[in-house]
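The lines below spell out each chain.
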Amino acid sequence: MPGVLCRAAAVLFAAATLTGCGITDTDARPAGQPAQGGLTENSSRLLRLYFVTPEGTWPVSRPAPAGDRLQQAMNALLDGPTAAERDRGLITRLPSATRPVRAKVTKGRVELRLPWLVRDLPHVAVSQLVCTAATAQALGANPVIDVFEPGMAGDPWPVRCDGSGSAVPAEQGASS
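Residues numbered from 1 in each chain as written. Predicted model: local features only at pLDDT ≥ 70, side-chain atom pairs only at ≥ 80, totals over all residues. Heavy atoms only, no water.

S.K.: What am I meant to see in the overall build of the protein chain here?
M.R.: Scanning the protein chain from terminus to terminus reveals four helices and seven strands. Written out in order from the N terminus, the α and β elements of the protein chain read α-β-β-α-α-β-β-α-β-β-β. For the protein chain, the proportion of its 176 residues judged to be buried stands at 37%. Split by element, the accessible area of the protein chain, about 11300 Å² in all, is 56% carbon and sulfur. (Helix = DSSP H or I, 4+ residues; strand = E, 2+ residues; numbered from the N terminus. Buried < 20%, exposed > 50% of the residue type's maximum accessible area, 1.4 Å probe, protein only. Areas by Shrake-Rupley, 256 points an atom, 1.4 Å probe, with all protein chains shown as cover.)

S.K.: Sorry, what's going on with the environment of P95 here?
M.R.: Assignment of secondary structure puts P95 in the loop between α3 (83-87) and β3 (102-106). Spatially, the C-alpha atom of P95 lies 8.8 Å from that of W116, the residues being 21 residues apart in sequence. If near-sequence neighbours (up to four positions away) are discounted, P95 is found in contact with W116 and L121. (Contact = heavy atoms within 4.5 Å.)

S.K.: How should I be thinking about the sheet that holds strand β7 (residues 167-169) in this particular structure?
M.R.: Two strands in a sheet stick together by hydrogen bonds in their backbones, pointing the same way (parallel) or opposite ways (antiparallel). Ordered in space as β3-β4-β5-β6-β7, the five strands form an open sheet in which the pairing is mixed. If you trace the sheet from one side to the other, it starts and ends with β3 and β7, each paired once. Taking the axes of each pair of neighbouring strands and ignoring which way they run, one obtains an average angle of 35° across the sheet. Running at roughly 80° to strand β6 (residues 157-161), helix α4 (residues 123-136) makes contact with β4 (109-113), β5 (145-148), β6 and β7 of the sheet. (Pairing = 2+ DSSP bridges. Axes fitted to C-alpha atoms, helices over the stretch in contact; angles between N-to-C directions.)

S.K.: What should I look at first to understand the pattern of salt bridges in this one?
M.R.: Two side chains carrying opposite charge are able to pair once their charged atoms lie near each other. Overall, the coordinates contain four salt bridges when judged by the stated rule. In this structure, R109 and D146 form a salt bridge, with 2.9 Å as the shortest nitrogen-oxygen distance. One end of the pair, R109, is in strand β4; the other, D146, is in strand β5, with 37 residues separating them in the sequence. You can call R109 partly exposed: its relative accessible area is 32%. With a shortest N-O distance of 3.3 Å, R113 and E111 are connected by a salt bridge. On the basis of relative accessible area, R113 is assigned to the partly exposed category, the value being 39%. Classification of E111 by relative accessible area gives buried; the value is 15%. (Salt bridge = Lys/Arg side-chain N within 4 Å of Asp/Glu carboxyl O.)

And the structure:
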């Protein structure tokens, strides 16, 4: 008889274990309205700047005073992260510059004139510049950024900001 009781107890224990924790599946339930606020495509009161984390570039939003948002964004990027942004681990990989980065919109593209040679910059620094320029003006999705270096003769380097916040050749980033 003790063997029968042990087997019955084992079967009951197994059945209880297999039934789970007693929580049944539920269907999706409404959770309210989506989150609102932050930087939007039509936002004329914010700048989006790209700084650096160990994982790559990271966008931050800052208030934008009236005026040329594109040049303001480039100037703010060169000023580097604020104390609060540094406390969050954000840095810049852009070197100091004796001349400013100049940016303007020409024929639906951004002209970015650098005070450094691209080959002398880390890739993430180029991404900071390109992605900040790409989001500073309402030029539509994924604008082309024409990069000019000092003393450059000929055509600029056409690049875009891809979905991960990296500068890529314009033809590569066209579908991002």
